[in-house]
Amino acid sequence: MNYNLQFNKLCEKLKIGVLNAEPFPLVGGHMHKMFLLKTTSGKYAVKALNPGVMQRPEAMGNLINAENIAQIAAKS
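The residue numbering used here restarts from 1 in each chain and proceeds along that chain's sequence as written. Whole-chain, interface and lining totals are the exception, using all residues; otherwise, since this is a predicted model, local features are given only for residues with pLDDT of at least 70 and side-chain atom pairs are given and counted only at 80 or more. Here the side-chain values reflect all heavy atoms present in the structure, with hydrogen atoms and water set aside.

Run through unusual backbone geometry, naming residues and quoting values.
Here Lys15, not a glycine, exhibits a phi torsion of approximately 55°, which is positive. Helix and strand labels come from DSSP, where a helix needs a run of H or I of at least four residues and a strand needs a run of E of at least two; each type is numbered from the N terminus. As for its placement among the helices and strands, Lys15 is situated in the loop between helix H1 (7-14) and strand E1 (24-26). Relative accessible area decides the class of each residue, using a 1.4 Å probe on protein chains only: under 20% of the type maximum gives buried, over 50% gives exposed, and in between gives partly exposed. Taking the relative accessible area as the measure of exposure, Lys15 reaches 74% and is therefore exposed.

Okay, structure coming up:
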């Protein structure tokens, strides 16, 4: 699957500084990819959503539900 990863643009848009190292792939993503970004303002984990998965009609709803469940679990 072809990911269109534009980390410099992402850092600029989110105002999280300038990359000071190559993005580092993190282990553990099953359907999506995760990267560690080291910038002039700190370290950030970024999830790159799988474009093939995100084209499915139910994908966005599933992602929102998963994030809501994760927030509830984090509070307990």
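Before we move on, can you summarise the packing of aromatic side chains with the specific residues and values?
Put simply, two rings from Phe, Tyr or Trp (the six-membered ring, in Trp's case) pair if the centres are within 6.5 Å, and we call them stacked under 30 degrees between planes, edge-to-face over 60, tilted for the rest. According to the stated counting rule, one finds one aromatic pair in the structure shown. Both rings, one in Phe7 and one in Phe35, keep their centres 5.1 Å apart while their planes meet at 65°; by these two values the pair is edge-to-face. Taken together, the residues Phe7 in helix H1 and Phe35 in strand E2 (residues 33-39) connect sequence positions 28 residues apart. With relative accessibility at 12%, the residue Phe7 sits in the buried group.

If you had to explain the sheet that holds E1 to someone new, which residues and values would you point to?
When DSSP locates at least two bridges between a pair of strands, those strands are taken to pair. Strands sit in the order E1-E2-E3 across an open sheet of three strands; the sheet is antiparallel. Each of the sheet's edge strands pairs with one partner strand only, and the pair in question is E1 and strand E3 (42-48). Strand after strand, the sheet turns through a mean of 30° between neighbouring axes, direction not considered. As paired elements, E1 and E2 share three bridges and run antiparallel to each other. Orientation is described by axes fitted as lines to C-alpha atoms, over the contacting stretch for helices, and by angles from 0 to 180 degrees between their N-to-C directions.

Before we move on, can you summarise the pairing of E3 with the specific residues and values?
Direction of pairing for E2 relative to E3: antiparallel, over a ladder of seven bridges. Bridging from a neighbouring strand, Met34 pairs with Lys47 of E3. In textbook terms, the turn of a hairpin is the stretch between consecutive antiparallel strands, and for E2 and E3 this stretch comprises two residues.

Describe in detail the environment of Asn50, supporting the description with residues and values.
Along the polypeptide, Asn50 turns up in the loop between E3 and helix H2 (51-54). The class for Asn50 is buried, based on a relative accessible area of 15%. A sequence separation of 47 residues divides Asn50 from Tyr3, and the C-alpha atoms of the two residues are 7.1 Å apart. A distance of 2.8 Å separates a polar atom in the side chain of Asn50 from the backbone nitrogen of Gly52. Here a polar contact is recorded for every N or O atom pair within 3.5 Å, except that within protein the pair must consist of a potential hydrogen donor and a potential acceptor, and residues adjacent in sequence are included only if both atoms are side-chain atoms.

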